[in-house]
Amino acid sequence: MFENTSNIVINGGTFAQHQHQHGPSLLNINNASKTAIDRLMEAASLGALHNSGERFDPPKCHSNTRTVVLQKLMEWFIGQLGWNMLALWLYGPAGAGKSAIAQTFAELCAAENGLLASFFFSRSDPRRNNAKVLVATLAYQVSLNIPESRAIIEGAIDKNPAIFQLNFQTQFQTLILDPLLQLSRAGRFTSATPFPSLIIIDGLDECDGVDVQNTILNTISSALQHHRLALPFRILIASRPEYHLTTSFSVAPLYNLTFHLALDDTYQPDEDIRLYLTDSFHDIQNTHIMHAHLPDSWPSEGDIAELVIKSSGQFIYAATVIRYVSSPKCNPLNCLKVIQGLLPVNDNRPYAQLDALYINILSNVKDVKAVLRILGMALVLTKVWIEPQTVNNLEEFMQLTPGTVQLLLIDLLSVVDASHNYMPIKFLHASFTDFLIDPTRSRQFFIDPSKMHEEAAHFCISAIELLDMATPLPNLAYRSLLSHLRLTGPLHDNTTLREKVLHVPYVQHWTTYALSLSDDLSSDPAMFVHFLKTSQFKQTEELYLHHRSILDHELRRCLAFIPRSPRVDFWTAVCASGILKYHRTVTFLTISILSSPPANIPAYVPGIFFDASFYHIEVVGWRRRPLLDGFSARTTSTPWLRMVAEFLNDPSRAEAHAVDQLMYTTAAVFAVEFAVRAWDETKAIYPHPFQGNQWDFIWDAFVFILSKARYSAELVNLLGKQNLTFSLGRPGANVRHRVQILFAAVRNYLLKFKGSSPSPFKIIINWSGYPNDSSDHVNYCYTAYDLDDNNNTIRGIFYVDGSIFSSDEDVQELGEAKRSTMREYIVRVWAYIRKVMQ
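A quick note: this is a predicted structure, and the numbers were derived from the prediction, not measured.

Taking burial as the measure, the 5 residues of strand S5 (residues 258-262) include 4 buried ones, the bulk of the element. Judged from the 5 bridges that link them, strand S1 (residues 87-91) and S5 form a sheet pairing that is parallel. Across the sheet, the residue bridging to Ala 87 is Thr 258, located in S5.

As structure tokens, then:
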């Protein structure tokens, strides 16, 4: 083709070199000059050995720590524990100290000639993060520690020089299982000659690929199952409890061959961590370049305790702290303050090793966006809720298909536990949550709490709209919505959330929700409306007025069902005046006695004034109907009382139910009739005449309402009797001063509307507490001089006149208080009481 041509130049083109198929390969040519042991060493990763120079200063157990775990391992190895279990799975979350325990145990066994082989996986080392070198590394150690096996292993390599390019099962069978079986058949392991028999594989979860990890386990379990009598060896495998590994160790045949050892609270890691921290800080005090400047009391016991708690049983946190604080380039005092959050981090990265671990774990998550959303929701719900939500509840709240949480978090079993539907997600590391919400540490995996609170607010509103009382969602939504709204990001331009808040049926659905509870309400519509009034939403006034108008409508609707009566006027006046602000609890028995209807005739009390249940109380024969079993002794809500008082004092809102002077007058007549009524069985039941907490409320209510009453002939006649007697129980505090206020209120009313008072004006206070003819039971009569705050045992009749005032100052102050407004009057009276108490 190229005959008679010369000076040919060829540019470009591709040239391929072809080997003759029948001739020796380049691989064989190269291997021909190497011994089998050379090829074995090349294929092995000697850096994975427990005593490798590449693993200089590997993690080990601190002196006198993890002793119980190491003892357990030793008992298993020598056959005292689980003698028929040829494998042991040591598992625990990331950072629990598995590698340190495996390393320490390897050194202990090696010192006693018990270690046959070890392999320490490392995800960051390309020669230690895959299974390609595992068999060769183990076979190399077997050939050294059982010399009789060397010739067999070398012969297998010479027979098949390409053995290291074959699959894992073939390598394991050829280089480990077959040589050991051959020696077993020859009686090597039944002779008196001792032999090392422990194989340690640490960090199996760091081997690249789930399928490869399963292959390793299946191959080992098959060998142990079929040759357990011929192979008297034990294998320790340490790993995180990843789902696929947990599954493999939980089914036959591996389950029947394996002893499970979990690194959990059973082995008291906190005490070991405390010892490690104490000793390490002691070393820093003695050896650090700044040791002369470190106080003997540093760090304090409280500092150590705080670090132990933060470790959450994980040694990696404690080790990271010590590594950072012990740096010779930094001041240990300042470094510890950085760890505690007392100083800014600046350019330092105190948690670099810990952060690398968490980033690595999250990097292997398939749907990391969905996972971070779930973790973020769990975090913010826990922040505003006393108890974390269960997995089931979290899925309902986030509107996820059942099982989604466990499925998505399956790659995070080393840092979170979501294995139980009826238990909350458990963060195994306290430092992991700190990592997630710190953008400088978590970077692309950062969870923004404000954004998560915003999303939680959306879910709360959806739960309120749906109001499925068969689920815990309404309780979660009502009790946490306001907290989420307060903690969310800027609200002003958040149009979507504003529209959701505008149309949420918070008030409309409240009654159904509130009546399902038996405990105190931690939130109510008043708190919701007040939040809207002060929120940062655009057009706040519109939001506030919209929901306030709904609340007003509900209050009017409920009040319309309550028949108008003097007792209803009394409680309306009480709530409108603000008296309850100083008496945070009013028991149902007190309400029953003050209402005290004749037997079997209902008495209606507007219970909606006391709490946000939106229902009245029906009292029959001094017993309530079972409509509101949870009402008695509820602590009144200050925001609710304030909202109700504003409503009752605003005719444009309360309309026909607004309080006015006529209502105060009717209420005053009701209160005076109660006060002057002789002791009877009903009145003496409760409050006990000498148990004054509830009587304090009655005394104060009487005076406050009387001061607001206008002229009433009935009232003048009641108060103008010659022997005006009040059968009221003894106040619990400030006895003399309350009597002074009562005397002044009665006298001033008579002076104002009658023009004069009896001379000498006096009132009688019956503190006997006996029904019927109480005078039969009175042994002594007393005057105002006998009043004593400290003596609460006196039963008798007190005659009180103007001498009760110790000075003109008292009379003047009471007169000024009487002429002031109701709210000012309350403030002045209580200011005077505080002054007297001092």
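Don't stop here, the text continues.
Next up on the list: the packing of aromatic side chains. Across all of its chains, the model carries 32 aromatic pairs by this definition. An angle of 85° between the planes, with centres 6.4 Å apart, marks the rings of Phe 77 and Phe 105 as edge-to-face. Of this pair, Phe 77 sits in helix H3 (residues 67-77) while Phe 105 sits in helix H4 (residues 98-111); the two residues are 28 residues apart in sequence, bridging distant segments of the chain. Taken as a pair, Phe 77 and Phe 105 share a single burial class, namely buried. Ring geometry for Tyr 358 against Phe 435: centres 5.2 Å apart, planes inclined by 55°, an arrangement best described as tilted. Placement of the pair is Tyr 358 in helix H15 (residues 352-363) and Phe 435 in helix H19 (residues 430-436), with a sequence separation of 77 residues. Residues Tyr 358 and Phe 435 agree in their burial class; the two are buried. The rings of Tyr 478, Tyr 506, Trp 510, Tyr 513 and Phe 528 are connected pair by pair, giving a single aromatic cluster.

What follows is about unusual backbone geometry. In this structure, the amide linkage connecting Ala 252 to the following residue, Pro 253, adopts the cis form with an omega of 5°. You can see Pro 253 is positioned in the loop between helix H9 (243-249) and helix H10 (254-257). Here Trp 298 and Pro 299 are connected by a cis peptide whose omega angle stands at -10°. Structurally, Pro 299 can be placed in the loop between helix H11 (269-287) and helix H12 (301-311). Even without being a glycine, Arg 443 presents a positive backbone phi close to 50°. When you line up the elements, Arg 443 lands in the loop between helix H20 (439-442) and helix H21 (449-466). Residues other than glycine seldom take positive phi values, yet Gln 539 does so here, at roughly 55°. Looking at the secondary structure, you find Gln 539 in the loop between helix H25 (525-534) and helix H26 (540-559).

This part is about helix H2 (residues 36-43). Within H2, the full set of buried residues consists of Ala 36, Ile 37, Arg 39, Leu 40 and Ala 43. Buried positions in H2, seen along its axis, are confined to an arc of 160° and lie on one side of it.

Further remarks concern the environment of Pro 639. Among the secondary structure elements, Pro 639 is positioned in helix H29 (residues 638-648). With relative accessibility at 24%, the residue Pro 639 sits in the partly exposed group.

Buried residues dominate strand S2 (residues 115-120), accounting for 6 of its 6 residues. In this sheet, strand S3 (residues 198-202) lies alongside S2 in parallel orientation, the contact comprising 5 bridges. Its bridge partner being in S3, Ser 118 is matched across the sheet by Ile 200.

Before going further, it helps to spend a moment on the sheet that holds S5. Ordered by their spatial adjacency, 5 strands build an open sheet running S2-S3-S4-S1-S5, and the pairing between neighbours is parallel. Edge positions in the sheet fall to S2 and S5, since each has one partner strand and no second. The mean angle between the axes of side-by-side strands here comes to 15°, regardless of whether they run parallel or antiparallel. Of the pairings in the sheet, the one linking S1 to strand S4 (residues 234-239) comprises 5 bridges and is parallel in character.

The next subject is the packing of helix H7 (residues 168-185) against helix H8 (residues 210-226). Relative orientation of the contacting elements H7 and H8 amounts to 40°, with a least axis distance of 10 Å. On the basis of their axis angle, the class for H7 and H8 is oblique. Along this stretch, H7 crosses H8, giving a crossing that reads as right-handed. Facing Phe 168, Gln 169, Phe 172 and Leu 177 of H7, the residues of H8 in contact are Thr 215, Ile 216, Thr 219 and Ala 223.

Let us now look at the confidence of the model for the protein. Summary statistics for the protein give a mean pLDDT of 85 and a share of 84% for residues scoring 70 or more. Note on residues 626-633: pLDDT under 50 across the span, and 23 contacts to partners over four residues away in sequence or across chains. Here residues 773-778 is a poorly scored stretch, pLDDT under 50, and it has 6 contacts once near neighbours within four places are set aside; other chains count.

Moving on to the pattern of salt bridges. Applying the stated criterion across every chain, the model contains 23 salt bridges. Notably, a salt bridge pairs Arg 188 with Glu 148, separated by 2.7 Å at the nearest N-O pair. Note that Arg 188 is positioned in the loop between H7 and S3 and Glu 148 in helix H6 (residues 148-159), a separation of 40 residues in sequence. With a relative accessible area of 37%, Glu 148 lands in the partly exposed category.

The N-to-C vectors of H2 and H6 enclose an angle of 85°; their axes lie 9 Å apart at closest approach. What the angle tells us is that H2 and H6 run roughly perpendicular. Residues Ala 36, Ile 37, Arg 39 and Leu 40 of H2 form the contact with H6, whose participating residues are Arg 150, Ile 153, Glu 154, Ile 157 and Asp 158. In terms of residue class, the contact of H2 with H6 is built from 5 nonpolar, no polar and 4 charged.

Rules used in this analysis
- Residues numbered from 1 in each chain as written.
- Predicted model: local features only at pLDDT ≥ 70, side-chain atom pairs only at ≥ 80, totals over all residues.
- Heavy atoms only, no water.
- Buried < 20%, exposed > 50% of the residue type's maximum accessible area, 1.4 Å probe, protein only.
- Helix = DSSP H or I, 4+ residues; strand = E, 2+ residues; numbered from the N terminus.
- Pairing = 2+ DSSP bridges.
- Phe/Tyr/Trp six-rings, centres within 6.5 Å; stacked < 30°, edge-to-face > 60°.
- Arc of directions from axis to C-beta.
- Axes fitted to C-alpha atoms, helices over the stretch in contact; angles between N-to-C directions.
- Parallel < 35°, antiparallel > 145°, perpendicular 65-115°, else oblique.
- Left-handed = near helix turned anticlockwise from the far one by under 90°.
- Contact = heavy atoms within 4.5 Å.
- pLDDT = per-residue confidence, 0-100.
- Salt bridge = Lys/Arg side-chain N within 4 Å of Asp/Glu carboxyl O.
- Nonpolar A, V, L, I, M, F, W, Y, C, P; charged D, E, K, R; others polar.

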